[in-house]
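Structure at a glance
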Amino acid sequence: MEATGVLPFVRGVDLSGNDFKGGYFPENVKAMTSLRWLKLNRTGLCYLPEELGALQKLEHLSVSHNNLTTLHGELSSLPSLRAIVARANNLKNSGVPDDIFKLDDLSVLDLSYNQLTECPRELENAKNMLVLNLSHNRQLPALTALQALHLRNTQRTQSNLPTSLEGLSNLADVDLSCNDLTRVPECLYTLPSLRRLNLSSNQITELSLCIDQWVHVETLNLSRNQLTSLPSAICKLTKLKKLYLNSNKLDFDGLPSGIGKLTSLEEFMAANNNLELIPESLCRCTKLRKLVLNKNRLVTLPETIHFLTEIEVLDVRENPSLVMPPKPADRAAEWYNIDFSLQNQLRLAGASPATVAAAAAGSGPKDPLARKMRLRRLKDSAQDDQAKQVLKGMSDVAQEKNKKQEEGTDARAPGGKARRWDQSLEKPHLDYSEFFTEDVGQLPGLTIWQIENFVPVLVEEAFHGKFYEADCYIVLKTFLDDSGSLNWEIYYWIGGESTLDKKACSAIHAVNLRNYLGAECRTVREEMGDESEEFLQVFDNDISYIEGGTASGFYTVEDTHYVTRMYRVYGKKNIKLEPVPLKGASLDPRFVFLLDRGLDIYVWRGTQATLSSTTKARLFAEKINKNERKGKAEITLMMQGQEPPEFWEALGGEPSEIKKHVPDDFWPPQPKLYKVGLGLGYLELPQINYKLSVEHKTRPKVELLPRMRLLQSLLDTRCVYILDCWSDVFIWLGRKSPRLVRAAALKLGQELCGMLHRPRHAAVSRSLEGTEAQVFKAKFKNWDDVLSVDYTRNAEAVLQGPGLTGRVKRDAEKKDQMKADLTALFLPRQPPMALAEAEQLMEEWNEDLDGMEGFVLEGKKFARLPEEEFGHFYTQDCYVFLCRYWVPVEYEEEEEKKEEKEEEKAGAEGKEGEEAAAEAEEKQPEEDFQCIVYFWQGREASNMGWLTFTFSLQKKFESLFPGKLEVVRMTQQQENPKFLSHFKRKFIIHRGKRKVAQGAQQPSLYQIRTNGSALCTRCIQISTDSSLLNSEFCFILKVPFESEDNQGIVYAWVGRASDPDEAKLAEDILNTMFDASYSKQVINEGEEPENFFWVGIGAQKPYDDDAEYMKHTRLFRCSNEKGYFAVTEKCSDFCQDDLADDDIMLLDNGQEVYMWVGTQTSQVEIKLSLKACQVYIQHMRSKEHEKPRRLRLVRKGNEQHAFTRCFHAWSAFRKALA
């Protein structure tokens, strides 16, 4: 294709990412004679193309990340060349031509990440060189005009650096990171213009007092060194904006107290040090925006930290002992549009008005200044009363005067005072019932009419917000004003392609509607692409345009011409469409293909294609029909071998054989998004460098990035973009983009498609914002995705089951969704179950139990568990219990129905019916049975046990008890209460594996604890440490001997404040756990024998003498998983494994409220949970003012003893199960 008039006006273009291997460089680049900058990064070039010689105005050339071995060629003939970026190639010494240094304007040369072993020979001729980057090569150039010197990772030491750099008076940027420097080189102190210095990743142990010479330094990076202190001279660097000190050995004494003199400081980072505190003067740096202090030993922060008004980032994570200073009253109660004020959250939780009012009255902070003002107002109340009386008298006089004037006006002759001109007009009575119904505008809501053949036609509610470009509409919004009266807003919308008659009729009928309603509002004109904010808010900023329109009264709409195209469907979660040549040879039996003929859409399924791909392709075709064809297209679904003649006619005939030809590793080329820029007489085409989406938790490979992060949010309504997908080129026009840019982009898109060697079936298409084709949307992530649908579910199943899920559910519930649900924080704590009630429930459940069989996983099979081991569990094992329960049969209703039928029979058969009923009653069983299989998995056991059970034992049970089997899967300390009741409070959990643990010769300690109910009583082995004892609990200590006749001694340790029932239970468990070969002894706290007890437990240490926290402990979970922020409470029988790693947990122990943060938690959840925590503390202060709670932050893995003791048998967190 010959160049049109567009290419000579192109000033810059980014062709990075295209494949120019093997001489496929586009020749039309020669026509871009005005080109100033050109990017050819990652294009596979092995040599510089000769077409560059025609670009005489080229100033900037970037050819990084290619396979260039030489720069010889056309560069020396480009007189305007200023910058050459050739990093990350294979350049050697001979590959750098000498003549490029004779270019008069050359000022930037980047040859980093190459294979240079010496400095280029003619480098001294580059008199105007400003920036030279030779990093990751091994040579140090010295130039008088040098402004930037980057020697990162070049093995610099004190010995191979020059002693002086005094001649480099312009040097402002020095990078000596990733070297072996033990101190700051003396030559750096002589640089008068130094502004940025990077000395990170060295071995520097101290700084000299000479650093006060760096009076112009703005950025100083000393991270990853061995610094223990900073000199006081650093306080003289008054222009310093960024100071990085991460990963050193700094403590509080190592920071100078006068650091607050750095008035320009904006960023201070000192993570991974030994800081216990920070100097208070640091908080006087009022411009500080970023303060990073994570991974230190911080105890607290100065209170003045709250006065840093410009702070944007405050990172104090992984400081386990940190207690934040008290914060000033927060006047803004709203975060993320959520009102976290106590009274509002109580109101949402359904509290009474009195409770809300009391919370509002008691929640205000004490303000001494406000108290003085109140006293002063009380003092002056007498004067205020007198002033009010005077004002009241004056207002009464004025009202009486106005009343007399109004009476005089009414009695005046008609000619006395003229009315408004529009009030004096006599309006003729017009009948609008032909156009508008009687009930229009009488109910709040939205009504829309479309102009069709001069008349407004009502639009269905499903199509609200979707406007055809060639149509005009009338929009009526009805609402109630503050007084409760009906009010209206009337708009008439003009489509960009609409005809004159439709425009006129929409304006006329909008006025008619206003007159019909008697409304006083104006009729507002809205034009396509330039809608007002008020109009967009009527549709929640969600309007879209559709090409075409209805018939006009003057003109007839011509049938749209559709281009026939065929697409191969690929992708698993969200399908993509790849255009293929329009011929039968393009078909592949492993894929689904979509043939689009405009009003006929065919979905072809190969013999080896999946049903899921076929379903999604059909849904995609339905979206095309609905959004682009006005529902007029016919969709045909066909299998391979069942094609109609029209299908093969469109493909040019049926092939002899449909073969596999698509490579197994097929993936289309990466899409490239260009932004069209238009200036005074020039065009530019830069590529959009997408930023990685936050949805990717792990950073993907570089070659995978573009297709994973192409997002709709990249498109700006004021701009025009070209999306190059190799076989498709889309030109996207923003609604507010200039017309000149649109025209230039259309020409440029055609040029781009022609010059970059695209296939013959490639097409250039135009998309206006709001009218994008489905094929275009499919190129972007999460833009109108096609979701899989389960057609086997009916409405009833959806209501009974979990219902809709994922994005469909979020969209369906968007309007009814709560922004935050904090109701659980205001509910009272669940009271503990009484012992008598728990025992009764235990007895009832055991009465229904007919039998129980146990199995344990040994190797790869389940073996029968001896009955004497029932109640003993090991953390590394898996158990299966088959329980058979009696279930009473309810057959009384059936008998009654049977008797009624028998009475209807003839009297002669009465006797026989009674005898048959009697026989049936004798045969009818009184009880039936049900089987429940409980699968129990220790917290250190792998998932192999569950898989083994699923494929072996479960199959056997299902065949034995068809239709009467229920499987319940449980993990350690999260057991079913009914299952626990079968062991009658003797539920013992040992560490380790069953047969291995029996031979252990180490002392072991068990704690007996009840959580909320006697049903939830467990005896769990814990670490053998006397600091874990507690006076309110009972413990069992086993001290083994090596003697054969006496295996050891076992103690039941009874705390002085423990419950008597638990003390008796401890003795029963002691006798159950150990046979006569052990010596058994029950001892009270304070009566421990020195020789065996304290020696066996490892030495006497201080321990807790009360468990008051057991009366107050509550665990809440804060999560966004429902699509909105919600707080839920765990039951009182919670354990360590209830701490979800991707959520925030709130633990209240009666004194402190701990905010536990998991490692996978989002920043939004952290901020919202902090506000929820503050609301809870405020609420508890009003309820239990004698027990004020303090807030503490806890990171996973850094929990304190006061936190861990609230959990029974706390130990290391379990790893993710395979």
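As a reminder, the structure under discussion sits directly above these lines.
These numbers come from a predicted model, not from an experiment.

**Concerning the overall build of the protein**
In terms of helices and strands, the protein carries 25 helices and 51 strands. Once local pairs closer than 6 in sequence are excluded, the contacts in the protein between residues at least 24 apart make up 59%. Accessible surface for the protein amounts to roughly 65,600 Å². Of this, 49% is attributable to carbon and sulfur atoms.

**Some details on the pairing of strand E32 (residues 728-733)**
The buried count for E32 comes to six of six residues, which makes it a mostly enclosed element. With five bridges connecting them, strand E31 (residues 720-724) and E32 associate as antiparallel partners. When the bridges of E32 are listed, Tyr721 appears paired with Trp732. Hairpin remark: E31 followed by E32, antiparallel, with three residues in the connecting loop; positive phi at Trp726, about 70 degrees.

**Considerations on the side chain of Ser177**
Mapped onto the elements of the fold, Ser177 is located in the loop between strand E8 (173-175) and strand E9 (196-198). Not counting residues within four places of it along the chain, the set of residues in contact with Ser177 comprises Leu151, Arg152, Asn153, Asn198, Ser200 and Asn202.

**A look at a nonpolar patch on the surface**
There is a patch of nonpolar side chains on the surface, built from Phe252, Leu277 and Val299 and spanning about 220 Å² of accessible area. Mapped onto the elements of the fold, Leu277 is located in the loop between strand E12 (267-269) and strand E13 (290-292). Residue classification places Leu277 among the partly exposed residues on the basis of a relative accessible area of 33%.

**Here's the deal with a negative patch on the surface**
Together, Glu839, Glu843, Glu844, Glu847, Asp848, Asp1059 and Asp1061 line one region of the surface with negative charge. Residue contributions to the negative patch peak at five residues, all from helix H15 (residues 835-848). For Glu843, the location among the structural elements is in helix H15.

**Overview of the sheet that holds strand E48 (residues 1125-1129)**
Here six strands make up an open sheet; going across it, the order is E34-E48-E47-E49-E50-E51 and the pairing mixed. Looking at which strands have only one partner, the edges of the open sheet turn out to be strand E34 (820-821) and strand E51 (1190-1195). As paired strands, strand E49 (residues 1144-1148) and strand E50 (residues 1152-1157) are joined by five bridges and run antiparallel to one another. Bridge assignment links Leu1147 to a residue of E50, and that residue is Tyr1154. Across the sheet, helix H24 (residues 1163-1183) touches strand E47 (1114-1119), E48, E49, E50 and E51, and the angle it forms with E50 is around 170 degrees.

**Some details on the nonpolar core**
As a rule of thumb, soluble globular proteins bury nonpolar side chains together. Ranked by size, the top nonpolar core spans 129 residues in total, and within it Leu15, Leu38, Leu188, Trp214, Phe268 and Leu293 carry the most contacts. At seven residues, the largest contribution of residues to this core is made by helix H11 (residues 739-755). Once you skip the residues sitting within four places of it in the chain, Trp214 turns out to touch Val184, Leu188, Tyr189, Leu194, Leu197, Leu220 and Leu237. Within the second largest apolar cluster, 51 residues are counted, among which are Tyr885, Phe1035, Val1039 and Tyr1109.

**Let's talk about the pattern of salt bridges**
Overall, the coordinates contain 39 salt bridges when judged by the stated rule. Across the pair Arg82 and Glu59 runs a salt bridge whose closest N-O atoms are separated by 3.9 Å. One end of the pair, Arg82, is in the loop between strand E3 (60-62) and strand E4 (83-85); the other, Glu59, is in the loop between strand E2 (37-39) and E3, and 23 residues separate them in sequence. On the basis of relative accessibility, which here comes to 41%, the residue Arg82 falls in the partly exposed class. One salt bridge connects Asp315 with Arg317, and the closest N-O pair in it is separated by 2.9 Å. Since its relative accessible area comes to 13%, Asp315 is described here as buried.

**Regarding the packing of aromatic side chains**
Enumeration according to the criterion identifies 53 aromatic pairs in this entry. For the pair Phe467 and Phe539, a centre-to-centre distance of 5.6 Å together with 90 degrees between the ring planes defines the contact as edge-to-face. Of this pair, Phe467 sits in strand E19 (residues 466-468) while Phe539 sits in the loop between helix H7 (533-538) and strand E23 (544-546), and the two are 72 residues apart along the sequence. With a relative accessible area of 1%, Phe467 lands in the buried category. Phe539 sits in the buried class, given a relative accessible area of 9%.

**A word on the environment of Val1039**
Relative to the helices and strands, Val1039 is located in strand E44 (residues 1034-1040). The exposure class of Val1039 is buried, given its relative accessible area of 8%. Between the alpha carbons of Val1039 and Gln1001 there is a distance of 8.3 Å; along the sequence they are 38 residues apart. Residues contacting Val1039, with those up to four places away along its chain left out, are Gln1047, Gly1048, Ile1049, Tyr1051, Phe1092 and Gly1096.

**Some points on the sheet that holds strand E43 (residues 1017-1022)**
An order of E37-E41-E43-E42-E44-E45-E46 is seen for the seven strands of this open sheet, with the pairing classed as mixed. Each having just a single partner strand, strand E37 (872-874) and strand E46 (1078-1084) make up the two edges of the open sheet. Going across the sheet, the axis of each strand differs from the next one's by a mean of 20 degrees, ignoring polarity. The sheet contact formed by strand E42 (residues 1004-1010) and E43 spans six bridges and is antiparallel. When the bridges of E43 are listed, Ile1008 appears paired with Cys1019. Helix-sheet contacts for helix H22 (residues 1060-1073) involve E37, strand E41 (988-990), E42, E43, E44, strand E45 (1048-1054) and E46, and the interaxial angle to E44 is about 25 degrees.

**Considering the packing of helix H18 (residues 944-951) against helix H19 (residues 953-960)**
Here H18 crosses H19 at 35 degrees, and the two axes come no closer than 3 Å. Judged by residue contacts, Thr948, Phe949, Thr950 and Phe951 of H18 engage Leu953, Gln954, Lys955 and Phe957 from H19. Residue composition of the contact of H18 with H19, grouped by class: four nonpolar, three polar and one charged.

Scoring rules and cut-offs
Residues numbered from 1 in each chain as written. Predicted model: local features only at pLDDT ≥ 70, side-chain atom pairs only at ≥ 80, totals over all residues. Heavy atoms only, no water. Helix = DSSP H or I, 4+ residues; strand = E, 2+ residues; numbered from the N terminus. Contact = heavy atoms within 4.5 Å. Areas by Shrake-Rupley, 256 points an atom, 1.4 Å probe, with all protein chains shown as cover. Buried < 20%, exposed > 50% of the residue type's maximum accessible area, 1.4 Å probe, protein only. Pairing = 2+ DSSP bridges. Patch = residues over 30% accessible without salt bridge, like charges linked within 9 Å, V, L, I, M, F, W, Y side chains within 5 Å. Salt bridge = Lys/Arg side-chain N within 4 Å of Asp/Glu carboxyl O. Lys, Arg positive; Asp, Glu negative; His and termini not counted. Charge placed at Lys NZ, Arg CZ, Asp CG, Glu CD. Axes fitted to C-alpha atoms, helices over the stretch in contact; angles between N-to-C directions. Core = buried A, V, L, I, M, F, W, Y, C linked by side-chain atoms within 4.5 Å. Phe/Tyr/Trp six-rings, centres within 6.5 Å; stacked < 30°, edge-to-face > 60°. Nonpolar A, V, L, I, M, F, W, Y, C, P; charged D, E, K, R; others polar.

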